[in-house]
Amino acid sequence: GIAYAKQREQFNRPLAQTLKALQIVAANMYTPTATNNRREHVGWGFPSLDNMYDRRNRMFLVTEDAPITQGATHTYRVNVLSGETALKICMTYLDPAGNPAAAIDRINDLTLRVIHPNGSTSYWGNVGLMGASQANVSATGGAANTVDTVECVFVNNPAVGEWTIQITAPVIAQDAHVATAATDATYALVVNG
């Protein structure tokens, strides 16, 4: 009785990175400006449990249960239905503690890439969402983000059809998922839309 209830309670709670990704894709975003509301000032928006609840049937989740090893690619396909006004995708992962004195204190590198149903247009994580030209909509093209442990792709009025999401692991320098014998990492992936 009690042991079963405790075990069941454990599985009803999302892990930290899954919850972070859920909050990001359900957030009410601020409109960025050149000096105010920059991503480094306001993050990914104001969390909204209402949005998360209302969109619960339009979300796809990978809940930190798919370990990935260096050089591997995990591919997911999601169908965007007619009338969808936004497609918001977030991948986030825990990284082992880095050296704060290093130029880049990130240890492992996981990368998000989203491919349009036409098969030729790509969106890389955070392209267009960060830096001087930041917006609340991703830009096509660009290159893989090798710095951040949170990567997002946001598309307004997405094309109807099958979108391909790829998570790659160019660098797993240190084991971040000690539950397995391999040197690997896990990530949370949440798709809203």
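Worth saying up front: this structure is predicted, and the values here are computed from it rather than measured. (Residues numbered from 1 in each chain as written. Predicted model: local features only at pLDDT ≥ 70, side-chain atom pairs only at ≥ 80, totals over all residues. Heavy atoms only, no water.)

A.B. asks: Where do I start with the overall build of the chain in this structure?
C.D. replies: For the chain, the count of helices and strands is four helices and ten strands. For the chain, the α and β elements follow one another from N to C terminus as α-α-α-α-β-β-β-β-β-β-β-β-β-β. Put simply, the chain has 193 residues, and 40% of those count as buried. When the accessible surface of the chain is totalled, it reaches about 10300 Å², and 52% of it is carbon and sulfur. (Helix = DSSP H or I, 4+ residues; strand = E, 2+ residues; numbered from the N terminus. Buried < 20%, exposed > 50% of the residue type's maximum accessible area, 1.4 Å probe, protein only. Areas by Shrake-Rupley, 256 points an atom, 1.4 Å probe, with all protein chains shown as cover.)

A.B. asks: Would you take a moment to explain the pairing of strand β3 (residues 73–80) for this structure?
C.D. replies: Successive residues of a regular strand alternate their side chains across the two faces of the sheet. Side chains His74, Tyr76, Val78 and Val80 of β3 all project onto a buried face; the interleaved residues Thr73, Thr75, Arg77 and Asn79 project onto a face where none is buried. Here β3 runs beside strand β8 (residues 161–171); their pairing, made up of eight bridges, is antiparallel. Bridging from a neighbouring strand, Thr75 pairs with Gln166 of β8. (Pairing = 2+ DSSP bridges.)

A.B. asks: Even after reading the chapter, I still don't get the packing of aromatic side chains, so can you show me in this structure?
C.D. replies: Each aromatic ring pair is specified by the distance between its two centres and by the angle formed by the two planes. By the definition in use, this model includes three aromatic pairs. With a centroid separation of 5.8 Å and 90 degrees between ring planes, the pair formed by Trp44 and Phe154 is classed as edge-to-face. A residue pair is termed long-range when its members are at least 10 positions apart, and Trp44 in the loop between α3 (39–42) and α4 (49–54) and Phe154 in strand β7 (residues 150–156) qualify at 110 residues. Note on accessibility: Trp44 and Phe154 belong to one class, buried. Here Phe60 and Tyr76 contribute two aromatic rings whose centre-to-centre distance is 5.8 Å and whose plane-to-plane angle is 55 degrees, an arrangement assigned as tilted. Of this pair, Phe60 sits in strand β1 (residues 59–63) while Tyr76 sits in strand β3; the two residues are 16 residues apart in sequence, bridging distant segments of the chain. (Phe/Tyr/Trp six-rings, centres within 6.5 Å; stacked < 30°, edge-to-face > 60°.)

A.B. asks: For this particular structure, what's the right way to read the confidence of the model for the chain?
C.D. replies: The predicted coordinates of low-pLDDT regions are not to be read in fine detail. Scored by pLDDT, the chain comes out at a mean of 86, with 86% of its residues at no less than 70. Note that pLDDT drops below 50 for residues 3–9; the model gives that stretch zero contacts with residues more than four away or on any other chain. (pLDDT = per-residue confidence, 0-100. Contact = heavy atoms within 4.5 Å.)

A.B. asks: Help me understand the side chain of Glu84, please; the structure alone is not making it clear to me.
C.D. replies: Within the secondary structure, Glu84 is located in the loop between β3 and β4 (86–92). Overall, Glu84 belongs to the buried group, its relative accessible area being 7%.

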